[in-house]
Amino acid sequence: MAQRRLSGGKLFITVVYFVATCRAVPISDLLDRASQRSDKMHSLSTLLTQEMDSHFPPYGRIQMQRPAECHTSALQTPNDKEQALQVSESALMSLARSLLQAWVDPLTILSTNAITLPHPAKSSISSKIHELQEHSKSLADGLDILSGKMGPDAQAISFLPYTGGTDLGQDRVTILNKFNFLLSCLRRDSHKIDSFLKVLRCRAAKLQPELC
């Protein structure tokens, strides 16, 4: 019992020290780290879609849902960098955090189903999704700290619940179709998160808009 208390105490001290250290780091440095993490997330989501496409039935693409049907589509976001440059820092941070939060449950569903996915690269896919989950959690924790430095508007989150259910279907094509659709939505949203954070990093470094 004493050993358990000692271990718990060490863990608490480590967490407090980590948070205190992060709060002492300049926003520009924190944004740089966040951008590196979001870039890795987008790279992983791109690799995942490419891996899925390598063995995706051509007739399955015909049945695949459109991006407009992604569960995050209701969130109004800038369509490109030029539009993002017109949005306030707090709003961009809020959008990035909202998108990250919206993928907590879908990523769990992807992770659970990747293990039995009827795809020859399921082991590699499962590993990458697990890595994505770790990066997403780490990035979300970092943005929580950043948003605290930026004020209440940056801390606001739009909740976008995933209502697609945990069951991806019974037959191979349906399962691959739904899995691939979720990945395509994830890739789209990870790109948005990465773009928003890069604009924020650019502004923090006081670079000219054309260099962002």
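Since we're looking at a predicted model, the values are computed, not measured.

## Comments concerning the overall build of the protein chain
Across its full length, the protein chain carries nine helices and zero strands. Secondary structure elements of the protein chain occur, N-terminal to C-terminal, as α-α-α-α-α-α-α-α-α. Within the protein chain, the fraction of its 212 residues that count as buried is 40%. The contacts of the protein chain with a sequence gap of at least 6 include a subset with a gap of at least 24, amounting to 85%. On the protein chain, roughly 11,700 Å² of surface is accessible, and the fraction owed to carbon and sulfur atoms is 56%.

## Observations regarding helix 6 (residues 104-114)
For an α-helix, 3.6 residues make a turn, and residues three or four places apart therefore share a direction. What helix 6 keeps buried is the set Pro 106, Leu 107, Ile 109, Leu 110, Ser 111, Asn 113 and Ala 114. Looking at the packing, one finds that the buried side of helix 6 touches helix 5 (89-102), helix 7 (122-150) and helix 9 (172-204).

## Overview of the nonpolar core
Soluble, globular proteins show a tendency: their nonpolar side chains are buried together. Membership of the largest hydrophobic core comes to 47 residues, with the highest contact counts inside it found for Leu 110, Ile 125, Ile 129, Leu 139, Leu 143, Phe 179 and Leu 197. Those elements that provide at least two residues to this core are helix 2 (27-53), helix 5, helix 6, helix 7 and helix 9. Take this core: its biggest share by element is 13 residues, from helix 9. For Leu 143, the contacting residues outside a window of four places in its chain are Ala 34, Met 93, Ala 96, Arg 97, Leu 100 and Leu 197.

## Let's talk about the pattern of salt bridges
Where charged atoms from two side chains of opposite charge come close, those side chains can pair. Summed over the entire model, instances satisfying the criterion amount to nine salt bridges. Here Asp 189 makes a salt bridge to Arg 188, at a shortest N to O gap of 3.6 Å. With a relative accessible area of 25%, Arg 188 lands in the partly exposed category. Where Asp 194 meets Lys 198, a salt bridge forms, and the shortest distance between an N and an O atom there is 2.6 Å. Remark: Lys 198 and Asp 194 occur in helix 9; sequence separation between them is four residues, near one turn of the helix. When its relative accessible area of 27% is taken as the criterion, Lys 198 is described as partly exposed. Each of Asp 39, Asp 194 and Lys 198 takes part in one network of salt bridges that share partners.

## Description of the confidence of the model for the protein chain
Interpreting fine coordinate detail is not advised for predicted regions of low pLDDT. Predicted confidence across the protein chain gives a mean pLDDT of 84, with 81% of residues reaching 70 or more. By mean pLDDT, the top-scoring element of the protein chain is helix 5 (97), and the lowest-scoring one is helix 1 (residues 2-24) (44). In this model, residues 1-22 is a region of pLDDT below 50 whose contacts with residues beyond four sequence positions or in other chains number three contacts.

## Describing the side chain of His 71
The topology assignment puts His 71 in the loop between helix 3 (58-63) and helix 4 (81-84). Here the side chain of His 71 touches Ala 102 through a polar contact of 2.9 Å, landing on its backbone oxygen. In contact with His 71, other than residues within four places in its own chain, are Ala 102, Trp 103, Pro 106, Leu 160, Pro 161 and Tyr 162.

## Some details on the packing of helix 6 against helix 9
As a packed pair, helix 6 and helix 9 sit with axes 11 Å apart at the nearest point and diverge in direction by 140 degrees. With respect to helix 9, the element helix 6 is oriented oblique. Our pair here, helix 6 against helix 9, has a crossing hand that is left-handed. Between helix 6, through Pro 106, Leu 107, Leu 110, Asn 113 and Ala 114, and helix 9, the contact on the second element is made entirely by Phe 179, Leu 182, Leu 183 and Leu 186. Residue classes in the contact of helix 6 with helix 9 are distributed as eight nonpolar, one polar and no charged.

## Looking at the packing of helix 2 against helix 9
Packed helix pairs are specified by the crossing angle of their axes together with the interaxial distance, meaning the distance between the axes. For the pair helix 2 and helix 9, interaxial distance at closest approach is 8 Å and the crossing angle is 155 degrees. When the interaxial angle is binned, helix 2 and helix 9 end up roughly antiparallel. At the point where helix 2 passes helix 9, the crossing takes the left-handed sense.

## Regarding the environment of Cys 70
When you line up the elements, Cys 70 lands in the loop between helix 3 and helix 4. Considering only alpha carbons, one finds Cys 70 and Asp 189, 119 residues apart in sequence, at a separation of 9.5 Å. For Cys 70, the residues in contact, after removing those within four places along its chain, are Phe 181, Cys 185 and Arg 188.

Rules of the game
- Residues numbered from 1 in each chain as written.
- Predicted model: local features only at pLDDT ≥ 70, side-chain atom pairs only at ≥ 80, totals over all residues.
- Heavy atoms only, no water.
- Helix = DSSP H or I, 4+ residues; strand = E, 2+ residues; numbered from the N terminus.
- Buried < 20%, exposed > 50% of the residue type's maximum accessible area, 1.4 Å probe, protein only.
- Contact = heavy atoms within 4.5 Å.
- Areas by Shrake-Rupley, 256 points an atom, 1.4 Å probe, with all protein chains shown as cover.
- Core = buried A, V, L, I, M, F, W, Y, C linked by side-chain atoms within 4.5 Å.
- Salt bridge = Lys/Arg side-chain N within 4 Å of Asp/Glu carboxyl O.
- pLDDT = per-residue confidence, 0-100.
- Polar contact = N/O pair within 3.5 Å; in protein donor to acceptor, adjacent residues only side chain to side chain.
- Axes fitted to C-alpha atoms, helices over the stretch in contact; angles between N-to-C directions.
- Parallel < 35°, antiparallel > 145°, perpendicular 65-115°, else oblique.
- Left-handed = near helix turned anticlockwise from the far one by under 90°.
- Nonpolar A, V, L, I, M, F, W, Y, C, P; charged D, E, K, R; others polar.

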